[in-house]
Amino acid sequence: MEGERCGGGESGDLQSIFEALKSSDGAMKKVVETRVQLLSKLGDSNLSEKSDLAALLECLTTYWEDFTCLDVSQCLLNKTILNVAAKYLDSDISGCLGLFLVLGIKASTWCAKHLKMTLLSIEESQEEEHCTLFFQLLLDFFSFSAAVFSALARYPVSEDKELIVIVERFILEQLNIAKESISEVKDVLKVVQMVLDAVLRLCRVYSQAVDWELCDSGTERSSIDYEEAKSTKHVSNIIKCIIGKMCELGILAANDGGTLVTILNLSWKGVVTLLQLGKGALAANVNVPDIILTLISLASESLRRAAEAWSTRTEAISVAEAKRTFLPVKFYLINAVRISSQYPCQAFSVYREIILCVLMISNFGFCLSIEKHLKTASEVLAELLEPTYVHLLNSLLNSAQVKEELKFRILDWLFIDECNSSSSVVDPTQSYWAKSMETIFTVSCKAMTSSRILLLGRVALFLNILKCSPDLEEDVRHGIARKLGWLLDVLVDEEMYSSVLVLQVPTFYGSGQTPVLVWQPMFSSLIHSLKTFMVVVSPSPVWSEFEFFLLQNFSHPHFLCWEIVMELWCFMMRHAEIEMVKDIVDKLCSLLKSVASTQSDLTPNCPLRKMARSICKILSSATESIVDQVYSSIAGDDKLQLSLVMHTALLMEGFPLNLLSDSKKNIAIRRIITDYFGFIDCLDDKTLLDCSSGVFGLPVVAMSAALQSIEVEISDIDMKTLKFLVAIIRKYRSSMDNVMKDHCRKLLSETLGIVSNMKHLYASEAMEEVILELQNLFISGKAAASDTRLYECKPDLASFLAGLGHMEIVESDKNAKTSALWELYHMLLSERHWAFVHLAISAFGNFSQRTSCNHLWRFVPQNAALSFDLETGDEANEERFTSEFKAFLDKEIKVTVIPTSEQLGLHLKEGLILKEMAAAALKLSKVDKEAMECECESEIMKIENEKQTHKRRKLPDGINKGMEMLQHGLKVMDDGISEWQKNEFKTKEFHKQFLAHYSSLKDVIDYLAALAGCY
């Protein structure tokens, strides 16, 4: 009874206050003051009945005026109303939730209007007091809102239609006023943060209270509780609204210049948190792709501003400044990663925009690494952003929800061939990595596929994907393996070629908390990435794709690509299981036999030599048993001509005889010596005329090549070699037959190579006769001036002259041998062709370092090529020769690691030439590619069971005669080109184009001749 009396008393007091409020009248200011006093009494009351609380809230809502106040009294009244209402939020308000929300909506609308008016008001003393009170009221309002959200979280999700509408509107109004306030009033940041925290807690509670499977429209409605489904939709609408407003807050905070860091952090983390609710069911109700686009746009814009500021800067960027720039970008990307991982199918719809953002960051890192004063920023970018943007891409590639064909579409768009379709850059100032950094961020998605400025970023991203391949799924690895050919195609580009050879990149090594940063050449980073991928796919089905890539590019026509492929082969030889290595070596030997059977020519760039070159390269990393296996397979039957051809081809390309087992090595050396003696002892005019030019003199060629890797100490070889050399020189001078002269030139070159590798021969007394004969052949003989083919022997002559440093030389005009040596060097150093200039100066440098001669100037002619001015080609000067010679020797021992414009320019020109050569070779290879592949596959299948037999059939006379005429025509053209090279120095471009086409023509004719020979 006492409780009832107390309750009745409180109700009576409440009613009396209500009556007093209704009867309050008079001047406006006096009325407001009266109402403030009366409402304060209501706040002191302790209401326990829900009906009383409802009446109180209706009263408070009634006396909150819609119009904005003109003085402090109205603000004071509204502040009192908020304080009174807030007092009851911690009590049981289950029947009054709607009333609190209505009051909050009315308060938020009024505060928004008053905020605009306050910001436009004039700062007078009275207005200042008014503004201060309003800002206090605004703080109370946000505290009230946070308390209301906390109160909502204590009660179940409403199923009442009216209350659902009120809740959704309340949330929208509170977030709207929060957004408007934080951009203008910094003092409200803490309370706004409280509101946002409370909103997120409410969403978590509501999310756990509903069945998200009811969002699926495909579910049978007959079995669904419609009331519960309505609640689920209500919660979904709430979360959608909050996500939208959180995004707006996040954009506002991002563009504020760093003063709203807490709001930035809370808003975007809130978006991610809310999207993780509902087990992905929000995808149909929320525009997830647009949120991802917003995040990557914020990241790109931040980097664009940094690029714009740093592109004109000359002082170094500090670590602190770089982190201030890149940490927000990392924050945006991390949140994009989290959302993409949760909603990969929605993220796929904007995969092009994601790829563009990733490529921009990748390319930006390279631009920073090129400039010395920006290297610190490059290191910070590599540390903070590189792993993150790779994770962003992997969130699509690694998702089980994204179909395999869609993943391949991403890879096709990312590593597309269109961007490498055409280029002709020879000036380093015009290359894509030398352009202004901010131009990277001007590329659109539409132009991305054809934009060369992003090419370097594509390659860098490809390498990063290879490095993180242990974390990729099997289907993605397979897609990446199919793109390995794209990498080599891109590296043929002259700018990529120069970049890979010159540029250095920051790389982190080591695991744990403190990885070590190392600057390393891009080439090394490329090799490391490919090796990582190779190890990862080796035990999987993807290995067959990788193995096909290795075999397909075994003899790649471009130097850099070939080196890369050879590095991978050598890596496999060192680390793969022995059975696997044996199996693949068998395939290579089979392939070599197939090539040799169709084309036995041994010119430097013939398919057989290319194949042998690659095999010898990988054997340098093989075990002794593997080298023995190859030697036994190729040179096992020393009676077959085909075996001799392959054996010689391998020796010419540096077959590692020193890696053979002792027994095999002895057999190999004995065979080389026996064949060599057998040839030089039986050589006569008939042999010089009868033998085919393509395989003539193979024993001499084999001996010359073998001496580059092993030492042979047989006195008989010494004397016979020098006598043979003299005999060949004399035979050449006396012969009038072109075929015989061709064979003599070949023997002369190879024998000079033999002598240059047997240094003790220079001390022989017979050497003087050799030198005099050479002087007579190249200089004083009757035919020396008119012979246009002797230039073919000059490279080996240069090697021979380089070895003269091992011989005692009498420096006297009366000594015939010494005079002959002076004349030979004069002739060599006078050559104007750039290749001969390099050979001559290298030979003279080696000779100068070893000889005991004191008057080296006697070896240098007045018209030495290096004595002339490089621009005009005239005005020979001895001091210029000395200066250039010294510079050449310095370059031989000095290795520069800092890229210069001169280096880049030279590499660009070199890359363009290599690109044209590779294109010509690939074009030629298409003629017989299919036929060669079919035959090679057949050989690989048959190698273990049978040996191929060749049946020679007679071709029609017309074809044979035509082939002879074509080959004779080539020889005539060779003579003309030799004469042309001697006299023409100004038509370089036309000269280069003509020689390129001539080389292609010669390859085709040689191939036809080989086919005819095997028929």
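For the structure, see preceding data.
What this report covers is the structure whose coordinates are included nearby. Values in this document were obtained by computation on a predicted structure and should not be read as measured data.

A few words on the overall build of the protein chain. In terms of regular secondary structure, the protein chain is built from 42 helices and 2 strands. For the protein chain, buried positions account for 50% of its 1015 residues. Partitioning the intrachain contacts of the protein chain with sequence separation of at least 6 by distance along the chain shows that 76% fall at a separation of at least 24. Total accessible area on the protein chain stands at roughly 48100 Å², and carbon and sulfur atoms take up 53% of it.

Moving on: the side chain of Asn335. Take Asn335: it is sitting in helix α12 (residues 319-342). Other than its neighbours up to four places away in sequence, Asn335 contacts Trp268, Lys269, Val272 and Leu295.

As a further point, take the pattern of salt bridges. Taken as a whole, this structure holds 29 salt bridges when the rule is applied. Between Glu653 and Arg613 there is a salt bridge whose closest N-O contact spans 2.9 Å. Of this pair, Glu653 sits in the loop between α29 (641-652) and α30 (662-682) while Arg613 sits in helix α27 (residues 607-619), placing them 40 residues apart in sequence. A salt bridge links Arg858 to Asp813; its shortest N-O distance comes to 2.2 Å. Of the two residues, Arg858 sits in the loop between α38 (834-850) and α39 (878-893) while Asp813 sits in the loop between α36 (794-802) and α37 (816-829), which places them 45 residues apart along the sequence. A relative accessible area of 55% means that Asp813 is categorised as exposed. Residues joined in a network through salt bridges with shared partners are Glu301, Arg304, Arg305 and Glu308.

Further remarks concern the packing of helix α7 (residues 161-182) against helix α8 (residues 189-209). In contact at an axis separation of 10 Å, α7 and α8 are set at 150 degrees when each is read in the N-to-C sense. The pairing of α7 with α8 is recorded here as roughly antiparallel in orientation. Pair α7 / α8 crosses with left-handed handedness. Contacts from Ile171, Leu175, Ala178 and Ile182 of α7 reach α8 at Leu189, Val192, Leu196, Val199 and Leu202. The residue makeup of the contact of α7 with α8, split by class, is 9 nonpolar, no polar and no charged.

Taken together, Met973, Phe994 and Leu1001 make up a surface patch of nonpolar side chains, about 230 Å² in accessible area. Mapped onto the elements, Phe994 comes out in helix α42 (residues 988-1013). The exposure class of Phe994 is partly exposed, given its relative accessible area of 31%.

With that settled, the discussion passes to the nonpolar core. Counting 319 residues, the largest nonpolar core has Phe326, Trp569, Phe655 and Phe800 as its most contacted members. With sequence-adjacent residues up to four places away left out, Phe655 is seen in contact with Cys616, Leu619, Val627, Val630, Tyr631, Leu650, Leu660 and Ser709.

Below, the discussion takes up the side chain of His558. Relative to the elements of secondary structure, His558 occurs in the loop between α24 (543-552) and α25 (559-575). Judged by its relative accessible area of 0%, His558 falls in the buried class. When residues no more than four places from it in sequence are discounted, the contact partners of His558 are Leu491, Val492, Tyr497, Leu914, Lys915 and Ala918.

Given 3.6 residues per turn, any residue in an α-helix points the same way as the ones three and four places further on. The end-to-end C-alpha distance of helix α35 (residues 767-780) is 18 Å, a good match for the 20 Å that 14 residues give at a rise of 1.5 Å each. What α35 keeps buried is the set Met767, Val770, Ile771, Glu773, Leu774, Gln775, Asn776, Leu777 and Phe778.

Basis of the calculations
Residues numbered from 1 in each chain as written. Predicted model: local features only at pLDDT ≥ 70, side-chain atom pairs only at ≥ 80, totals over all residues. Heavy atoms only, no water. Helix = DSSP H or I, 4+ residues; strand = E, 2+ residues; numbered from the N terminus. Buried < 20%, exposed > 50% of the residue type's maximum accessible area, 1.4 Å probe, protein only. Contact = heavy atoms within 4.5 Å. Areas by Shrake-Rupley, 256 points an atom, 1.4 Å probe, with all protein chains shown as cover. Salt bridge = Lys/Arg side-chain N within 4 Å of Asp/Glu carboxyl O. Axes fitted to C-alpha atoms, helices over the stretch in contact; angles between N-to-C directions. Parallel < 35°, antiparallel > 145°, perpendicular 65-115°, else oblique. Left-handed = near helix turned anticlockwise from the far one by under 90°. Nonpolar A, V, L, I, M, F, W, Y, C, P; charged D, E, K, R; others polar. Patch = residues over 30% accessible without salt bridge, like charges linked within 9 Å, V, L, I, M, F, W, Y side chains within 5 Å. Core = buried A, V, L, I, M, F, W, Y, C linked by side-chain atoms within 4.5 Å. Expected span 1.5 Å × (residues − 1).

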